[in-house]
Amino acid sequence: MISEEIDSIRREASLTAVQRVFYFVLPMLVTVGALIAYKSSAALTVIGKVSATGVFTPRGNVIPRVGASEAGVATRTLNYFLVIWPALLFGILISGAISRFVSPRWLARFSEEDHCAHK
């Protein structure tokens, strides 16, 4: 009777561990997949334009061209933020998922093992 209860508790605990892994892996795969789709579609668009025209033209509002009028620091900063906001958002989502689902003890153990291996 007691052994059956212990087995039941162990099964529940293992299901919880499996659920934790599932709830971590699924959002990470979706987030990383969305990042890859976003970056590859933008890159393929640029590659297509360069293939068709034979000329690569950087964004003038982010990378100032030689001889172009200088925009103010605030304007360049705003333009740059408008270009990088998707990468910033993905970085925040990925770091949030890692901090939520990865145990600090596991990271400390992993870090200690790595540190010991380098000695």
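This section reports on the structure supplied with the text. Keep in mind the model is a prediction, meaning the values are calculated, not measured. (Residues numbered from 1 in each chain as written. Predicted model: local features only at pLDDT ≥ 70, side-chain atom pairs only at ≥ 80, totals over all residues. Heavy atoms only, no water.)

A few words now on the overall build of the chain. The helix and strand inventory of the chain stands at three helices and zero strands. Reading the secondary structure of the chain in the N-to-C direction produces α-α-α. For the chain, the share of sequence-separated contacts (at least 6 apart) that also reach a separation of at least 24 residues comes to 61%. (Helix = DSSP H or I, 4+ residues; strand = E, 2+ residues; numbered from the N terminus. Contact = heavy atoms within 4.5 Å.)

Okay, helix H2 (residues 73-101) next. Between its first and last C-alpha atoms H2 spans 39 Å; for 29 residues at 1.5 Å apiece the expected length is 42 Å, and the two agree. Of all bends in H2, the biggest is about 55°, found at Ile 84, and the proline Pro 86 comes one to four residues later. For H2, the complete set of buried residues consists of Asn 79, Pro 86, Phe 90, Ile 94 and Ala 97. (Expected span 1.5 Å × (residues − 1). Bend = angle between axes of the 7 residues up to and from the residue. Buried < 20%, exposed > 50% of the residue type's maximum accessible area, 1.4 Å probe, protein only.)

This part takes up the layout of surface pockets. Reported here for the second largest pocket is a volume of approximately 240 Å³. Every residue lining the second largest pocket is listed: Ala 17, Arg 20, Val 21, Phe 24, Phe 101, Val 102, Ser 103 and Trp 106. When residues of the lining of the second largest pocket are assigned to their parent elements, the largest contribution, four residues, is made by helix H1 (residues 2-53). (1 Å grid on protein atoms, 1.4 Å probe; cavity = no way out; pocket = protein on both sides within 12 Å on 5 of 7 lines; lining within 4 Å. Points joined across faces, edges and corners; volume = space filled by probe spheres on them.)

A word on the packing of aromatic side chains. Evaluation of the coordinates by the stated rule reveals one aromatic pair. When the ring of Tyr 38 is compared with that of Phe 90, the centres are 6.4 Å apart and the planes differ by 40°; the resulting orientation is tilted. With a gap of 52 residues between them, Tyr 38 in helix H1 and Phe 90 in helix H2 connect regions that are remote in the sequence. Judged by relative accessible area, Phe 90 falls into the buried class, the value being 14%. (Phe/Tyr/Trp six-rings, centres within 6.5 Å; stacked < 30°, edge-to-face > 60°.)

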